[in-house]
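# Architecture at a glance
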There are 2 protein chains.
Amino acid sequence: MPPLASGLLGALDPTSDRAVFRQIADQLREAIDKGRFREGDKLPSETELVDHFGVSRMTVRNALSLLQQEGLAVSEHGKGVFVRPRPPVRRLASDRFARRHREQGKSAFTVEAEAAGSRPEVDGLEVKEERPSPDISARLGSPRKVLARRRRYLLDGRPVEFATSYLPLDLARNTPIAQPNPGPGGIYARLEEMGHRLDHFDEEIRARMPTPAEVRTLRLASGVPVIHLVRTAYDADGRAVEVCDTVMAADAYVLAYQLPAT
Amino acid sequence: MPPLASGLLGALDPTSDRAVFRQIADQLREAIDKGRFREGDKLPSETELVDHFGVSRMTVRNALSLLQQEGLAVSEHGKGVFVRPRPPVRRLASDRFARRHREQGKSAFTVEAEAAGSRPEVDGLEVKEERPSPDISARLGSPRKVLARRRRYLLDGRPVEFATSYLPLDLARNTPIAQPNPGPGGIYARLEEMGHRLDHFDEEIRARMPTPAEVRTLRLASGVPVIHLVRTAYDADGRAVEVCDTVMAADAYVLAYQLPAT
DNA sequence: CTTACCCACTCGTCTATACGAGTATGCGTG
DNA sequence: CACGCATACTCGTATAGACGAGTGGGTAAG
């Protein structure tokens, strides 16, 4: 038997009115914060913690569960509980849809990812005609039907985001936009070719915990929220020509905006 | 005894390989999604669920704990478990620091909140001179010391955000900025009076689960992430004159940005 | 009528136990 | 040497029981 990894941990304070499982979580959290356990390190096993602290297994599991909810640890069945690795984050700049970034054959996602040294993939592409949800409908000026383009994005095999673009059907039907691959520059280039010169985007950002479906799609660890971004594109006539609804793994992204001070 | 509120729930599928506590959580989640339980409604008590499904209490608690992690439910000691109320969200527009919003006596937060019919409060105001963290230091061009202005914001008695502004000390010392109340228009107005005409802001947005300290400060329910926003203000000379580090309760905010399509 | 207490109900914490299922390792067999 | 299996470890799921602590309502005493 190897020396107890929990040698890094102290004892409980029986006089404290703080719950035992919280004290255990506190100790582990502090050990992680101070770097005594590092990213990807295995924490002491449940059995080791049971022996070290002299408590029951449920108490230990309760403590570990707390750390997972905080996003500090992830458990792997059959292996152990590990300090959650912090994956490299993808930085989304607010100028990422500027026209000058649109002149290439590849998608913005692909170009950016390759520049950052990652292996990009796009997945589960699906193009459908649909009746819009009330929210999407309102943003697009209440079209009867919309074209929906869904896809999932992965970096180095890890799903990081999935998105659906909605366009009024009267605008997108029988155009390259309705094709799985809309061609170089993506749907924004096509929209401009069709006379809808893009004027500006509105973006709305929320953060929340993922639904079970989102947990599956993005293979999210517990304790990882999602960023929900809804972007509306307007043409020079002030018409909303596209709404893009994106759900991102929050631990994979930082959004960057530059705002004028005027 | 009132009729079992769990009359709204079905039975378990013993042939399914889905864990019992997940099946129970699924049923409750579906009932919430379909509106059979509404915001603020009390879910069936642990005892009722134990009786209804014929399982042990820990299994039921496991299911309820899942819903809390997802942000769908909150438990209140001695009262019950409730469908989490969705508080009204505060919309942060990207032009909120425009000069034209700065000409009043009150803070942007106060004006905005009152316009929305809420009762704003600012709390825990603290102004200190400090050695900056490496991150803040790098953003401000490595000053030796900084002035830190901390405060907490509440709406209708609920804490929604807390923020710290950092300014290079050589710039802020012995100015109204070092006063608890920097005067009408806030520190941005003072900076401009001092010759630092503001040019633009950079904002970086992340989402993550709160630390225990943040849970206390913002009185967060479990299953509610935080939005972490770091704004850097630059003057016309390109100098970073302020960094504002803000942590917001994610269920209280939607951030809105308008971007040009150029 | 009002106050104070008790009780019933809620969730919170903790123990002890059992079995199942995924993983890794090493050993023995072919 | 290679493969497969046994085994020991990991976490996952579930049971049964106990006591504590916060809440609210009803009842009994003042």
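Because the structure is predicted, anything quoted here is derived from the model rather than measured. (Residues numbered from 1 in each chain as written. Chains lettered and ligands numbered in written order. Predicted model: local features only at pLDDT ≥ 70, side-chain atom pairs only at ≥ 80, totals over all residues.)

Once that is clear, we can look at the sheet that holds strand β4 (residues 120–130) of chain B. Taken in spatial order, the eight strands line up as β3(A)-β10(A)-β7(B)-β8(B)-β9(B)-β6(B)-β5(B)-β4(B) in an open sheet, and their pairing is mixed. Each edge of the sheet is formed by a strand with only one pairing partner; in this case those strands are β3 (90–93) of chain A together with β4 of chain B. In this sheet, adjacent strand axes meet at a mean angle of 15 degrees when their direction is disregarded. Here strand β8 (residues 226–235) of chain B runs beside strand β9 (residues 240–249) of chain B; their pairing, made up of nine bridges, is antiparallel. (Pairing = 2+ DSSP bridges. Helix = DSSP H or I, 4+ residues; strand = E, 2+ residues; numbered from the N terminus. Axes fitted to C-alpha atoms, helices over the stretch in contact; angles between N-to-C directions.)

Here the focus is the interface of chain B and chain A. Tallying the contact residues gives 33 residues for chain B and 33 residues for chain A. At the level of elements, β7 (198–208) and β10 (253–260) of chain B are the ones that each hand at least two residues to the side of chain B that touches chain A. In terms of residue count, the dominant contributor to the side of chain B that touches chain A is β7(B) (eleven residues). Residues of the side of chain B that touches chain A, tallied by class, amount to 17 nonpolar, eight polar and eight charged. In terms of strand pairing, strand β7 (residues 198–208) of chain A meets β10(B) through six bridges, oriented antiparallel. Residue pairing across strands places Phe201(A) opposite Leu259(B), the latter belonging to β10(B). (Contact = placed C-beta atoms within 7 Å. Nonpolar A, V, L, I, M, F, W, Y, C, P; charged D, E, K, R; others polar.)

Attention now moves to the domain arrangement of chain A. Residues and elements named next belong to chain A. Per the domain assignment, the segments making up chain A are domain 1 (5–83) and domain 2 (90–256). On a C-alpha basis, the centres of domain 1 and domain 2 stand 40 Å from each other. Listed as interface residues are five residues of domain 1 and, on the opposing side, four residues of domain 2. Its residues assigned to classes, the side of domain 1 that touches domain 2 shows one nonpolar, three polar and one charged. (Domains from an automatic or database assignment.)

The next point concerns the protein's contact with DNA strand D. By nearness alone, 21 residues border DNA strand D, and Ser45(A), Val20(B), Ser56(B), Met58(B) and Gly78(B) come closest of all. When contributions to the surface near DNA strand D are tallied by element, the ones reaching two or more residues are α2 (46–53) and β2 (80–83) of chain A together with α1 (20–33) and α3 (57–69) of chain B. When grouped by side-chain class, the residues that make up the surface near DNA strand D number seven nonpolar, ten polar and four charged. (Near = placed C-beta within 6 Å.)

Here we take up the sheet that holds strand β8 (residues 226–235) of chain A. Pairing between the strands of a sheet comes from backbone hydrogen bonds, and it takes one of two forms, parallel or antiparallel. The eight strands are arranged β4(A)-β5(A)-β6(A)-β9(A)-β8(A)-β7(A)-β10(B)-β3(B) in an open sheet whose pairing can be described as mixed. The sheet is open, and its two edges are formed by β4 (120–130) of chain A together with β3 (90–93) of chain B, each paired on a single side. Across the sheet, the mean angle from the axis of one strand to that of its neighbour is 15 degrees, orientation sign disregarded. The sheet contact formed by β3(B) and β10(B) spans four bridges and is parallel. What sits directly across from Leu92(B), in β10(B), is Leu255(B). Of the strands in this sheet, β4 and β5 (146–155) of chain A are in contact with helix α4 (residues 108–115) of chain A, which crosses β4(A) at around 170 degrees.

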